[in-house]
Amino acid sequence: MSFTPELIRNVAVLGHQGSGKTTLVESLAYKVGLISEKGSIEKKNTISDYLMDEKKKQLSISSSIVPLVYNDHKINLIDVPGNDDFIYETIGITRLIKGAILVIDASRGVQIGTVKHFNLLKKRGVPIFIYINKMDKENVNFTELYEEIVEKLDKKCVPFSYPIGRKENFDGFVNVVELKARKYNGVTCEDDEIYEDKRQIVFELHNRLCEAVATTDDALLEKFFSGEELSRDEIRQGLRKGVLEGELYPIIVGSAAKDIGINTLLTMLVDYLPSPADLKPYVATDEVGNEVEIKTEINSEASLYVFKNSYSSYQGLTSIFKVNSGVIKVGDEVYCPNNDKTYRIST
């Protein structure tokens, strides 16, 4: 199955060590049918922590790519190590992607790694989704956690979902954008009514989102202040613009272990994050040293960006790359201006 650039999302999954990044990737892969059964770090059978050292230490030490297919879109997830010892992995990946999920452990709040990753992504202009994981843990107070996120990360962090219940009674969440509740029934999430005690805060948050959307367009602003409701498509397009321009950092709540918030997160990744076709042309250097613009188009001349090299005694040097334009096939030769050498694509 092939995908045009408009149907692709390249998304890094980052967060402080132990926040649940690998568990989230496992849950996302399970929801789209990539795997028939979820693995776990404790059982040493997750799809992204496959190296022997990762299984032994029960933590990610190398970035891994997990391609998902959801609603006719391809989402390339990149599970990035959270430990500072492997910060070079994070730095390399953030040059590559234009979308990220920053995972926060609800029981621990904003940690040092959370702040470091957020600032790095913000510096590189990467749109960020914040997934608050482990909302089902004890002693979780969403209001206090949200205030901490705004204080330590950015005031532009905005809830796109709001939790129902708390502590062990965490039942699910309300999609603030669409005003739909999703309740966990012990196995999966199903549609439900918004609890009466949550209606006021949910509608206030929804109104804030609509106001943020209205400020992106004069016609929408006039419509909003005249009391007319914005259409779902107008809201989606406005929020997407805000996310892409770094004016909004959506917050999603859930529990990766229980698959809460997973479908909503997948849908929002498709709706709000940029595709390669949305990106500005890359600036590269040709064989004679001249700068050239490379557009992300299938029909353009083939070009790629190597973002990781690894070496093993069995395979030798292996380079992992992102195709920026055109089509790359086995047997093709590509020129690298950095060292003035030509390489053959072998596998």
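All of these numbers come straight from a predicted model, not from anything done at the bench.

What counts as what
Residues numbered from 1 in each chain as written. Predicted model: local features only at pLDDT ≥ 70, side-chain atom pairs only at ≥ 80, totals over all residues. Heavy atoms only, no water. Helix = DSSP H or I, 4+ residues; strand = E, 2+ residues; numbered from the N terminus. Rg over C-alpha atoms; globule rule 2.2 N^0.38 Å. Buried < 20%, exposed > 50% of the residue type's maximum accessible area, 1.4 Å probe, protein only. Contact = heavy atoms within 4.5 Å. Areas by Shrake-Rupley, 256 points an atom, 1.4 Å probe, with all protein chains shown as cover. Lys, Arg positive; Asp, Glu negative; His and termini not counted. Charge placed at Lys NZ, Arg CZ, Asp CG, Glu CD. Patch = residues over 30% accessible without salt bridge, like charges linked within 9 Å, V, L, I, M, F, W, Y side chains within 5 Å. Salt bridge = Lys/Arg side-chain N within 4 Å of Asp/Glu carboxyl O. pLDDT = per-residue confidence, 0-100. 1 Å grid on protein atoms, 1.4 Å probe; cavity = no way out; pocket = protein on both sides within 12 Å on 5 of 7 lines; lining within 4 Å. Points joined across faces, edges and corners; volume = space filled by probe spheres on them. Nonpolar A, V, L, I, M, F, W, Y, C, P; charged D, E, K, R; others polar. Phe/Tyr/Trp six-rings, centres within 6.5 Å; stacked < 30°, edge-to-face > 60°. Pairing = 2+ DSSP bridges. Axes fitted to C-alpha atoms, helices over the stretch in contact; angles between N-to-C directions.

## Quick notes on the overall build of the chain
Next up, step 1: For the chain, the helix and strand inventory stands at 9 helices and 17 strands.
Next up, step 2: For 347 residues, the compact-globule estimate of 2.2 N^0.38 gives 20 Å, and the chain sits close to it at 21 Å.
Next up, step 3: Viewed in the frame of its principal axes, the chain has a C-alpha envelope of about 65 × 55 × 35 Å.
Next up, step 4: The buried share of the chain, reckoned over its 347 residues, is 47%.
Next up, step 5: Look at the contacts in the chain between residues 6 or more apart in sequence, and 62% of them connect residues 24 or more apart.
Next up, step 6: Of the roughly 18,300 Å² that the chain leaves accessible, carbon and sulfur atoms contribute 46%.
Next up, step 7: A distance of 5 Å separates the average location of the 43 positive side-chain charges in the chain from that of its 52 negative side-chain charges.

## Concerning a negative patch on the surface
Next up, step 1: Taken together, the side chains of D217, D218, E222 and E228 make up a negatively charged region of the molecular surface.
Next up, step 2: Along the chain, D217 turns up in the loop between α6 (196–214) and α7 (218–225).

## Let's talk about the confidence of the model for the chain
Next up, step 1: Here the chain shows a mean pLDDT of 86. Residues at 70 or above account for 93%.
Next up, step 2: Across the chain, element-level confidence peaks in strand β5 (residues 128–133) with a mean pLDDT of 97 and bottoms out in helix α2 (residues 52–57) with 62.

## Concerning the layout of surface pockets
Next up, step 1: A volume near 1,600 Å³ is recorded for the largest pocket.
Next up, step 2: Taken together, 43 residues form the lining of the largest pocket, with L304, Y305, V306, V334 and Y335 sitting closest to its centre.
Next up, step 3: The set of elements that each furnish at least two residues to the lining of the largest pocket consists of β12 (282–285), β13 (291–294), β14 (303–312), β15 (316–325), β16 (333–336) and β17 (341–344).
Next up, step 4: The element that contributes the greatest number of residues to the lining of the largest pocket is β15, accounting for 7 residues.
Next up, step 5: Taken together, the residues of the lining of the largest pocket break down into 20 nonpolar, 13 polar and 10 charged.
Next up, step 6: Volume-wise, the second largest pocket comes out at about 660 Å³.

## Thoughts on the side chain of K198
Next up, step 1: Relative to the assigned elements, K198 resides in helix α6.
Next up, step 2: Buried within the structure, K198 lacks any salt-bridge partner; its nearest side chain of opposite charge belongs to D197, at an N-O separation of 4.5 Å.
Next up, step 3: Dropping the residues within four chain positions of it, K198 is found in contact with Y162, P163, I164 and G165.

## What to know about the packing of aromatic side chains
Next up, step 1: For the structure on display, the rule yields 6 aromatic pairs.
Next up, step 2: Where F129 meets Y272, the ring centres are 6.4 Å apart and the plane angle is 25 degrees; that geometry is what we call stacked. In this pair, F129 is assigned in strand β5 and Y272 in helix α9 (residues 262–272), connecting sequence segments 143 residues apart.
Next up, step 3: Relative to Y162, the ring of F142 lies with its centre 5.3 Å away and its plane at 80 degrees, an arrangement referred to as edge-to-face. Residue F142 is located in helix α5 (residues 142–152), and its partner Y162 is located in strand β7 (residues 161–164); the two are separated by 20 residues in the primary sequence.
Next up, step 4: Owing to a relative accessible area of 8%, F142 belongs among the buried residues under this scheme.
Next up, step 5: For Y162, a relative accessible area of 12% translates into the label buried.

## As for the sheet that holds strand β9 (residues 180–184)
Next up, step 1: Read across the open sheet, the 4 strands follow the order β7-β8-β9-β10; overall the sheet is antiparallel. Of all the strands in the sheet, just β7 and β10 (189–192) have a single pairing partner and so form its edges. Averaged over all pairs of adjacent strands, the angle between their axes in this sheet comes to 30 degrees, without regard to strand direction.
Next up, step 2: One ladder, built from 4 bridges, connects β7 with strand β8 (residues 172–175); its direction is antiparallel. Bridge pairing in β8 places Y162 opposite V174.
Next up, step 3: On top of the sheet, α6 reaches β7 and β8; it is set at about 170 degrees to β7, its chief contact.

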